[in-house]
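The chain contents come next:
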Amino acid sequence: MKKNLLLLFILVTTVSSAQFTIWEDDFDDADASDWTLLDRDGNGSNWLARKNIQYDLNTGTIVDGNISVLGTYNLDFNTVDYLPTFEDNFAISPAIDASFYSGKLSLILNAQPSIVEGNLDILVYGSTSPDPATFTLLSTINLKRATEDQEEFADYAVDISQYTGETTVYIALATKLNYHFSGYEIDKISVTAEALLGVDDVDLKSSLCRLKQNPVQENLQLDLAEEFQTEETALQIFNLNGILIKESPYQPEGLAVNDLSQGIYFLSVTNNGKSQKLKFIKK
């Protein structure tokens with residue numbers, strides 16, 4: 001018993017002081033297909049996943065660097081001249097689930113202006129809908145550059161706590177309007193939270209769904225209201241990073257969790273459009 005109590009104390013203490021990464025994309029797979037990339041000016045130049053750009057002094061041309069980025073450019077790579085039109089490009093992230101978390105929510109952007117560029121503003125928008133018309137401006141970040149040809153990726157943080165607890169959050173990155181620029185390059189983008197959702201922070205009344213035991217070792221058993229004791233009730237278990245680990249319809253005998261590693265998890269109980277999220281410890 002002392003060992004279990006010690007484990008519980010360590011887990012809770014660790015969680016209370018942790019910073020949780022809800023979502024991130026580092027573009028190392030050169031794939032941005034889950035993003036919505038809008039070329040709103042229609043000039044054929046848009047955000048895309050690629051390597052950062054470098055300037056080859058021997059040939060006088062643009063070549064690929066070594067870092068995978070989400071980038072957008074106002075350059076003709078063959079002539080290294082600005083394109084004749086300005087850019088209006090809008091990159092919308094996949095849906096981010098912040099409903100398991102509380103406290104301060106932060107967007108961390110690791111980015112730089114591309115080579116042959118000075119400091120450059122990037123616009124950060126947010127919404128709970130993927131509809132571009134619903135996005136509001138959250139921040140204008142001034143990306144810093146001190147040299148013309150060196151990599152100068154740095155972290156920039158934006159407080160997006162207005163979306164704490166939301167089931168779907170979308171972040172959008174937009175270019176500075178009416179301005180010729182060499183390019184924007186995003187090495188990594190992530191969303192972090194300072195705290196887990198409390199046990200009492202739920203969508204349903206607590207009398208509708210309770211854990212019969214917590215921590216749990218072998219079998220997760222629920223105390224559900226009668227109307228939710230049906231196979232239409234869906235159970236999903238997520239880890240701290242919001243990744244779905246296991247799912248099953250409700251069964252009176254409970255949900256086996258003996259195959260889970262020790263740690264803290266979330267249980268989502270959903271029925272007929274209503275949901276409740278509970279936090280539990282696997283020992």
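Going by the structure above, here's the rest.
On a predicted model such as this, the values are computed, not experimentally measured, just so you know. (Residues numbered from 1 in each chain as written. Predicted model: local features only at pLDDT ≥ 70, side-chain atom pairs only at ≥ 80, totals over all residues. Heavy atoms only, no water.)

Notes on the nonpolar core
Point 1. One finds Ile22, Ile122, Ile160, Ile171, Ile186 and Ile189 to be the most contacted residues of the largest nonpolar core, which totals 41 residues.
Point 2. Secondary structure elements with two or more residues in this core: β1 (20-25), β8 (101-113), β9 (120-127), β10 (136-143), β11 (154-159), β12 (170-175), β13 (183-196) and β20 (263-271).
Point 3. Ranked by the residues each element gives to this core, the list is headed by β13, at six residues.
Point 4. Phe228, Leu255, Leu260 and Leu278 belong to the second largest nonpolar core, which has 19 residues in total. (Core = buried A, V, L, I, M, F, W, Y, C linked by side-chain atoms within 4.5 Å. Buried < 20%, exposed > 50% of the residue type's maximum accessible area, 1.4 Å probe, protein only. Helix = DSSP H or I, 4+ residues; strand = E, 2+ residues; numbered from the N terminus.)

Brief notes about the environment of Asn178
Point 1. For Asn178, the location among the structural elements is in the loop between β12 and β13.
Point 2. Relative accessible area serves as the criterion here: at 63%, Asn178 is assigned to the exposed category.

Examining unusual backbone geometry
Point 1. In the segment running from Asn214 into Pro215, the intervening peptide bond is cis, with an omega of 10 degrees.
Point 2. Relative to the helices and strands, Pro215 resides in the loop between β14 (209-211) and β15 (219-220).
Point 3. The backbone of Ala30 shows a phi angle near 55 degrees, a positive value even though the residue is not glycine.
Point 4. Mapped onto the secondary structure, Ala30 falls in the loop between β1 and β2 (36-39).
Point 5. Its identity as a non-glycine residue notwithstanding, Val80 has a phi of 60 degrees, on the positive side.
Point 6. One can find Val80 in the loop between β5 (75-76) and β6 (81-82).

What to know about a negative patch on the surface
Point 1. A cluster of like negative charges, contributed by Asp26, Asp28, Asp29, Asp31 and Asp34, occupies part of the molecular surface.
Point 2. Within the element layout of this structure, Asp28 appears in the loop between β1 and β2.
Point 3. Taking relative accessible area as the criterion, Asp28 reaches 53% and is therefore assigned exposed. (Patch = residues over 30% accessible without salt bridge, like charges linked within 9 Å, V, L, I, M, F, W, Y side chains within 5 Å. Areas by Shrake-Rupley, 256 points an atom, 1.4 Å probe, with all protein chains shown as cover. Salt bridge = Lys/Arg side-chain N within 4 Å of Asp/Glu carboxyl O. Lys, Arg positive; Asp, Glu negative; His and termini not counted. Charge placed at Lys NZ, Arg CZ, Asp CG, Glu CD.)

Some points on the layout of surface pockets
Point 1. Approximately 210 Å³ is the volume found for the largest pocket.
Point 2. Contributing to the lining of the largest pocket are Thr21, Ile22, Trp23, Glu24, Ala95, Ile96, Asp97, Phe100, Phe238, Asn241, Gly242 and Ile243.
Point 3. Broken down by element, the lining of the largest pocket gets its largest block of residues, four residues, from β1. (1 Å grid on protein atoms, 1.4 Å probe; cavity = no way out; pocket = protein on both sides within 12 Å on 5 of 7 lines; lining within 4 Å. Points joined across faces, edges and corners; volume = space filled by probe spheres on them.)

Observations concerning empty space enclosed by the protein
Rolled over the atoms, a probe sized like a water molecule indicates the empty space that remains.
Point 1. Counted according to the given criterion, the structure contains one cavity of 30 Å³ or more.
Point 2. By volume, the largest cavity is sized at about 30 Å³.
Point 3. As for the largest cavity, its lining consists of Leu220, Leu222, Leu235, Tyr250, Gln251, Gly254 and Leu255.
Point 4. Here the residues of the lining of the largest cavity are counted per class, giving five nonpolar, two polar and no charged. (Nonpolar A, V, L, I, M, F, W, Y, C, P; charged D, E, K, R; others polar.)

Concerning the sheet that holds β20
Point 1. Taken together, the four strands give an open sheet; going across it, the order is β18-β17-β20-β21, and neighbouring strands pair in antiparallel fashion. Looking at strand neighbours, the two that pair on one side only are β18 (244-249) and β21 (274-282), the edges of this open sheet. Ignoring strand direction, the axes of neighbouring strands in this sheet form an average angle of 20 degrees.
Point 2. In terms of strand pairing, strand β17 (residues 234-238) meets β18 through five bridges, oriented antiparallel. Bridging across to β18, Ala234 finds its partner in Pro249. (Pairing = 2+ DSSP bridges. Axes fitted to C-alpha atoms, helices over the stretch in contact; angles between N-to-C directions.)

Remarks on the pattern of salt bridges
Any two side chains of opposite charge can pair, given that their charged atoms come close.
Point 1. One pass over the structure, following the stated rule, counts five salt bridges.
Point 2. The salt bridge involving Asp64 is made with Arg50; its shortest N-O contact spans 2.5 Å. Here Asp64 is found in strand β4 (residues 61-73), whereas its partner Arg50 is found in strand β3 (residues 48-56), with 14 residues between them in sequence.
Point 3. Residue classification places Asp64 among the exposed residues on the basis of a relative accessible area of 52%.
Point 4. The salt bridge partner of Glu152 is Arg145, with a shortest N-O separation of 3.7 Å.
Point 5. For Glu152, a relative accessible area of 18% translates into the label buried.
Point 6. Among the residues examined, Arg145 registers a relative accessible area of 8% and is labelled buried.

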